[in-house]
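# Fold and geometry: a report
Chain by chain, the residues:
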Amino acid sequence: SIVSNLGLETIDLKNEDINAGIKRITGSIGADVAIEAVGSNSAIETAVKAAGALGRVTLVGNPEEDLKLEKNVYWSILRKQLTLSGSWNSSYNSRINDWKSAAEIFESGQIDLASLITHTFEMKDFETAFETIRDRDRFTIKVMFVNK
């Protein structure tokens, strides 16, 4: 699969509990880094549970409403001595320009980005493209429009 070709392991949530998958992949020690990219209570809780002792949790997701941290999740942060950090989606200022760095990586060919494109559609097929993205039973990474 595309993901395994990138050297990544996956958890199929239809067939495996996320906590069991994290234990399987990490040998029960937890992840060194967990990235939360949804902005919900459950996503933050999952990231904290996934992180191992002295791990790092990076919060990226933008919440739609106020968040509430359960006491047991907070205690887990303390007991595991986790480091929490936030990250805005990119930096673009006089010191750091993530967009320039990303463009340089794209141009260099260091990463096989083409393998991340799982589906292509002509613009006239936009409804099918968006249905594909929304379909949770279909695996997608990047869906692109192309001129043919």
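Residues numbered from 1 in each chain as written. Predicted model: local features only at pLDDT ≥ 70, side-chain atom pairs only at ≥ 80, totals over all residues. Heavy atoms only, no water.

Right, let's get into the overall build of the chain. Secondary structure assignment for the chain yields six helices and five strands. Along the chain, from the amino end to the carboxyl end, the secondary structure elements read α-α-β-α-β-α-β-α-β-α-β. Here the C-alpha coordinates of the chain stretch approximately 55 × 45 × 35 Å along the principal axes. Looking at the chain as a whole, 20% of its 148 residues are labelled buried. Considering only residue pairs separated by 6 or more positions, the chain has 49% of its internal contacts joining residues 24 or more positions apart. On the chain, roughly 11400 Å² of surface is accessible, and the fraction owed to carbon and sulfur atoms is 52%. (Helix = DSSP H or I, 4+ residues; strand = E, 2+ residues; numbered from the N terminus. Buried < 20%, exposed > 50% of the residue type's maximum accessible area, 1.4 Å probe, protein only. Contact = heavy atoms within 4.5 Å. Areas by Shrake-Rupley, 256 points an atom, 1.4 Å probe, with all protein chains shown as cover.)

Taken together, the three strands give an open sheet; going across it, the order is E1-E2-E3, and neighbouring strands pair in parallel fashion. The strands lining the two open edges of the sheet, one partner per strand, are strand E1 (31-36) and strand E3 (83-86). Averaged over all adjacent pairs, the angle separating strand axes in this sheet is 20°, with direction ignored. Here E1 runs beside strand E2 (residues 51-59); their pairing, made up of five bridges, is parallel. Its bridge partner being in E2, Ile35 is matched across the sheet by Thr58. Running over the sheet, helix H3 (residues 41-50) touches E1 and E2 and is turned about 150° from E2. (Pairing = 2+ DSSP bridges. Axes fitted to C-alpha atoms, helices over the stretch in contact; angles between N-to-C directions.)

Attention shifts here to the pattern of salt bridges. Two side chains of opposite charge can pair, provided their charged atoms sit close to one another. Enumeration according to the criterion identifies six salt bridges in this entry. With a closest N to O distance of 3.9 Å, Arg24 and Glu9 form a salt bridge. One end of the pair, Arg24, is in helix H2 (residues 18-26); the other, Glu9, is in the loop between helix H1 (2-5) and H2, and 15 residues separate them in sequence. Residue classification places Arg24 among the partly exposed positions, given a relative accessible area of 44%. A salt bridge links Glu104 to Lys100, with the shortest nitrogen-to-oxygen separation between them at 3.8 Å. Taken together, the residues span about one helical turn, with Glu104 and Lys100 both in helix H5 (residues 98-108) at a distance of four residues. A relative accessible area of 52% means that Lys100 is categorised as exposed. In this structure, a network of salt bridges that share partners links the residues Glu9, Glu16 and Arg24. (Salt bridge = Lys/Arg side-chain N within 4 Å of Asp/Glu carboxyl O.)

What tends to happen in soluble globular proteins is that the nonpolar side chains get buried as a cluster. Judged by nonpolar contacts, Ile22, Ala34, Ile44, Ala47, Val48, Ala50, Ala51, Val57, Val73, Ile77 and Leu82 together constitute the single largest core of 11 residues. Secondary-structure elements contributing two or more residues to this core are H3, E2 and helix H4 (71-80). With four residues, H3 is the single largest residue contributor to this core. Setting aside residues no more than four positions away along its own chain, Val73 makes contact with Glu45 and Val48. (Core = buried A, V, L, I, M, F, W, Y, C linked by side-chain atoms within 4.5 Å.)

Okay, the confidence of the model for the chain next. The pLDDT averaged across the chain works out to 90; a share of 99% of its residues lies at or above 70. Per-element confidence in the chain ranges from a low mean pLDDT of 70 for H1 to a high of 97 for E2. (pLDDT = per-residue confidence, 0-100.)

Position of Phe130 relative to the elements: it lies in helix H6 (residues 126-134). Here Phe130 falls in the partly exposed class, since its relative accessible area comes to 38%. Separated by 44 residues in the primary sequence, Phe130 and Gly86 place their C-alpha atoms 30 Å from one another.

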